[in-house]
Amino acid sequence: MIDQKFGYLTVLERDSNNEKSGTYFKVKCDCGVYKSVRKDGLIRGTTKSCGCKKSEITATKKRIPIILEFFSKPSPELSYFLGFFLADGYLPSKGFYIGLQLQEKDREILEKFSLLIFGYSRLQYIKKSKKDAKNRQDQYRLLFSSPVVKKYLEELGFDSNKSESATVPSMFAYDWNFWRGMLDGDGTICYTNGNLLISLTGAPEVINSFSLFCNSLGFNKNQRTPLSLVRYKIPLSEFRLSGKEALQFLNTMYSDITQLHLQRKFKKFLDIKTKM
């Protein structure tokens, strides 16, 4: 079963922690979502995706008009969206749909994206299943279908395998809005041992670009050697800034709070500043 593909799902490993009602395997969907599914569903062909395929069919058959102008003209909002999408979005190899799925607590940023793309709020609510009750929150998904936008994203180098092979387009390499989107999507802000720490984890080429961006600002780079997530067999790298450099970086990143940002992380930064 390992490494075999069933529909849109690639089998990664057996899930021994989730076998009270049958044999389960951890799988990766073409859309980038990881999930634990029953073996019999894979064998019988009743489980072919993480659930996104149903949404894809709906989005394709009932293609809702979007504001293409948002993607055709450079703007701080577009830079931020692309950074966030590179971190957390999914772009399956088949079909024309594009999606972002976040925990319920981050619904507010999806609402803002929806207004930019549709002109109104259009999110899908995803209730957590009983077996995931302890491990995840309810979620919201922003999903739309557009051959034009998919082609645009692919020309930027975004594809269904971006978790491993993503690169940063040259026009965004030194764009604060783009990196704020990346950090909001895949970054961490924390306070440990009396020290402010920010880190970004992702594909090696993306993290190398982030380290060059930080270095251009005069920060000493502290890039870790690529670490391997054995669980999902994905090679990743991590870059960190700490102390005064981290404080200076975030003060600059949030210097204009009228620009798009994830409210949860901004509030966390403000809370940490009061402790320093």
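Residues numbered from 1 in each chain as written. Predicted model: local features only at pLDDT ≥ 70, side-chain atom pairs only at ≥ 80, totals over all residues. Heavy atoms only, no water.

**Side note on the nonpolar core**
Here is step 1 of the chain: Membership of the largest hydrophobic core comes to 58 residues, with the highest contact counts inside it found for Phe113 and Phe249.
Here is step 2 of the chain: The leading source of residues in this core is helix H4 (residues 76-88), at eight residues.
Here is step 3 of the chain: Residues in contact with Phe249, not counting those within four places in the same chain, are Trp176, Leu183, Ile198, Phe210, Phe213, Cys214, Leu217, Phe219 and Leu241.
Here is step 4 of the chain: Counting residues in each nonpolar core, the second largest holds 14 residues, with Val11, Leu42, Cys50 and Tyr97 among its members. (Core = buried A, V, L, I, M, F, W, Y, C linked by side-chain atoms within 4.5 Å. Buried < 20%, exposed > 50% of the residue type's maximum accessible area, 1.4 Å probe, protein only. Helix = DSSP H or I, 4+ residues; strand = E, 2+ residues; numbered from the N terminus. Contact = heavy atoms within 4.5 Å.)

**Focus on the sheet that holds strand E7 (residues 124-126)**
Here is step 1 of the chain: Spatial strand order, E5-E6-E8-E7: four strands in an open sheet with antiparallel pairing. If you trace the sheet from one side to the other, it starts and ends with strand E5 (89-90) and E7, each paired once.
Here is step 2 of the chain: The sheet contact formed by strand E6 (residues 97-103) and strand E8 (residues 139-145) spans seven bridges and is antiparallel. Across the sheet, Leu100 pairs through a bridge with Leu142, a residue of E8.
Here is step 3 of the chain: Where helix H5 (residues 107-117) meets the sheet, its contacts fall on E6 and E8, and the angle it forms with E8 comes to roughly 20°. (Pairing = 2+ DSSP bridges. Axes fitted to C-alpha atoms, helices over the stretch in contact; angles between N-to-C directions.)

**Side note on the packing of aromatic side chains**
Here is step 1 of the chain: Following the criterion strictly, the structure yields 28 aromatic pairs and no others.
Here is step 2 of the chain: For the ring pair Phe81 and Phe113, a centre distance of 5.1 Å and an interplane angle of 85° mean the geometry is edge-to-face. Pair noted here: Phe81 is in helix H4 and Phe113 is in helix H5, with a separation of 32 residues, a long-range link.
Here is step 3 of the chain: Under the relative-accessibility criterion, Phe81 is labelled buried at 1%.
Here is step 4 of the chain: With centroids separated by 5.6 Å and ring planes inclined at 80°, the aromatic side chains of Phe84 and Phe113 adopt a geometry described as edge-to-face. Here Phe84 is found in helix H4, whereas its partner Phe113 is found in helix H5, with 29 residues between them in sequence. (Phe/Tyr/Trp six-rings, centres within 6.5 Å; stacked < 30°, edge-to-face > 60°.)

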